[in-house]
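Structural characterization, general
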Amino acid sequence: MRYNEKELQALSRQPAELAAELGMRGPKKGSVLKRRLVKLVVNFLFYFRTDEAEPVGALLLERCRVTQEEPSGFSISFLEDPERKYHFACGSEAQCQEWMGALRRASYEFMRRSLIFYRNEIQKMTGKDPLEQFGISEEARFQLGGLKA
Amino acid sequence: MKLHQKSVLSFFRGCRAQAPDREGILLKKGARNTSYQRRWFVLRGNLLFYLENQADHTPLGLILLENCQVEPRLGATEPHAFTILTPRVEGTGGRAYKLAAENQEELGAWLWALAGASCRQLVALLPTLEAQYRELCQAAGQEPSSPPEGCGFVATLSTPSSFQELHEHFGKEIRVLQVVRGRPQ
């Protein structure tokens, strides 16, 4: 699948939600924990060698599961392949909780679901659609629409 | 840099049972071959996938739509043409994807859908809605509940967007559509 690496690089330079040096281990058997600068930008997770400007890699954080593995460690896996885990080691339990929370909220799908939830609840309570004031109440992506016909 | 394609493909495939934000045929000008190719485009969130055929299991390619500019392209060889301009950040990025819709209505619909397709817009909007919800719950003496699957959204922006900023932001999308739509039928 083609993608423009420069687009990803440009995204990796945008302001991050969270960035920190963490230990990271890939999903392959025998992977070793390495120190990486890990940066969360919208729904992408970039990781860099600590001295470099270009990321080593990027993960799309949609349909993923974030699981606590140790008091100060968590893993990310993808719903379609739950045994394949990317492991992260944090400096403290507090840092681990912070990252897990941020990663769970980072997906576009999570934000969309939340928006639809609040929209619905507010409409139930006030009788008014809160998205109307922004002129986006007709947008397909904010409808409750689910399965294809 | 390695984009872990499995993470992207699992998203693409996992969502196929759900209606995308928009999908359909668009003509895409090749990078080297400058003729327009017919492709099936699927928009989901801030990602625009294109496939050779609608039923393909794997997309041909992916365009990241975070902070893109989408504009109709007047005076192009193809009618109903538009451009997706990806941002340049610190001297990298910045590519113009030249596309064309099949008719004026499709053009308008795609421009509208693409103009709104960034995560940051949702990030800007959510704290306002969550705050509104919590205030209403408090006024009603009701315990606020959380969106399904996971913790309630906690505002992570240091300064919440003002109504004015949000109005400006979404006003941009409406203006794009007005340019394209012209006079109503």
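Up top is the structure.
What you see is a predicted model, and the numbers here were worked out from it, not measured in a lab.

1. Focus on the overall build of chain B
Helices and strands together make up the secondary structure of chain B, namely four helices and 10 strands. The proportion of buried residues among the 185 residues of chain B is 47%. For chain B, restricting intrachain contacts to residue pairs at least 6 apart in sequence, the fraction spanning at least 24 positions comes to 48%.

2. A word on the sheet that holds strand β1 (residues 2-3) of chain A
If you walk across this open sheet you meet the eight strands as β1(A)-β5(B)-β4(B)-β3(B)-β2(B)-β10(B)-β7(B)-β6(B), and the pairing is mixed. Each edge of the open sheet is held by one strand with a lone partner, namely β1 of chain A together with β6 (69-72) of chain B. By the bridge criterion, five bridges tie strand β7 (residues 81-85) of chain B to strand β10 (residues 96-100) of chain B in an arrangement that is antiparallel. Paired with leucine 85 of chain B across the strands is alanine 96 of chain B, a residue of β10 of chain B. Packed onto the sheet, helix α2 (residues 104-115) of chain B meets β2 (22-29), β3 (36-44), β4 (47-51), β6 and β7 of chain B and runs at close to 100° relative to β2 of chain B.

3. As for helix α2 (residues 93-105) of chain A
With 13 residues, α2 of chain A extends 19 Å between its outermost C-alpha atoms, agreeing within 8% with the 18 Å of an ideal straight helix rising 1.5 Å per residue. As for α2 of chain A, its buried residues are in contact with β2 (18-25), β3 (34-41), β4 (44-48), β6 (64-70), β7 (73-78) and α3 (108-126) of chain A.

4. A closer look at the nonpolar core
Soluble globular proteins tend to bury their nonpolar side chains together. One finds Leu8, Phe44, Phe46, Leu115 and Leu131 of chain A together with Leu47 and Phe49 of chain B to be the most contacted residues of the largest nonpolar core, which totals 43 residues. Among the elements that make up this core, the one with the highest residue count is helix α3 (residues 119-140) of chain B (eight residues). If we ignore the near neighbours within four places in the chain, the residues touching leucine 115 of chain A are Leu131 and Phe142 of chain A together with Leu122, Leu125, Leu126 and Leu129 of chain B.

5. Thoughts on the packing of aromatic side chains
Summed over the entire model, instances satisfying the criterion amount to nine aromatic pairs over all chains. Taken together, a centroid distance of 5.8 Å and an interplanar angle of 75° make the contact between phenylalanine 117 of chain A and tyrosine 133 of chain B edge-to-face. On the criterion of chain membership, the pair formed by phenylalanine 117 of chain A in helix α3 and tyrosine 133 of chain B in helix α3 is interchain, its members lying in two chains. Tyrosine 133 of chain B matches phenylalanine 117 of chain A in its accessibility class, with the two residues each being buried. Clustering of aromatic rings is evident, with ring pairs tying together Phe117 and Tyr118 of chain A together with Tyr133 of chain B.

6. So, the pattern of salt bridges
Scanning the model with the defined rule gives 12 salt bridges over all chains in all. Between arginine 13 of chain A and glutamate 54 of chain A there is a salt bridge whose closest N-O contact spans 2.4 Å. Highlighted residues: arginine 13 of chain A in the loop between α1 (5-12) and β2 and glutamate 54 of chain A in the loop between β4 and β5 (57-60), separated in sequence by 41 residues. With relative accessibility at 27%, the residue glutamate 54 of chain A sits in the partly exposed group. For arginine 112 of chain A, the salt bridge is made with aspartate 21 of chain B, and the minimal N-O distance between the two is 2.7 Å.

7. Details of the interface of chain A and chain B
Tallying the contact residues gives 61 residues for chain A and 75 residues for chain B. Taken together, the two surfaces of chain A and chain B that pack against each other cover about 6600 Å², and 64% of this comes from carbon and sulfur. One can count one salt bridge joining chain A with chain B. At the boundary of chain A with chain B, the tally comes to 21 residue pairs in polar contact (both at pLDDT 80 or more).

8. Let's talk about the pairing of β3 of chain A
Residues and elements named next belong to chain A. Summarising the sheet, β2 and β3 pair through seven bridges and their orientation is antiparallel. Opposite alanine 20, over in β3, you have valine 38 as the bridge partner. Bridging between β3 and β4 involves five bridges; their strand directions are antiparallel. Across the sheet, the residue bridging to leucine 40 is leucine 45, located in β4. The antiparallel hairpin formed by β3 and β4 contains two residues in its connecting segment, where valine 42 sits at a positive phi of about 40°.

Conventions and cut-offs
- Residues numbered from 1 in each chain as written.
- Chains lettered and ligands numbered in written order.
- Predicted model: local features only at pLDDT ≥ 70, side-chain atom pairs only at ≥ 80, totals over all residues.
- Heavy atoms only, no water.
- Helix = DSSP H or I, 4+ residues; strand = E, 2+ residues; numbered from the N terminus.
- Buried < 20%, exposed > 50% of the residue type's maximum accessible area, 1.4 Å probe, protein only.
- Contact = heavy atoms within 4.5 Å.
- Pairing = 2+ DSSP bridges.
- Axes fitted to C-alpha atoms, helices over the stretch in contact; angles between N-to-C directions.
- Expected span 1.5 Å × (residues − 1).
- Core = buried A, V, L, I, M, F, W, Y, C linked by side-chain atoms within 4.5 Å.
- Phe/Tyr/Trp six-rings, centres within 6.5 Å; stacked < 30°, edge-to-face > 60°.
- Salt bridge = Lys/Arg side-chain N within 4 Å of Asp/Glu carboxyl O.
- Buried area = accessible area lost by both parts, 1.4 Å probe.
- Polar contact = N/O pair within 3.5 Å; in protein donor to acceptor, adjacent residues only side chain to side chain.

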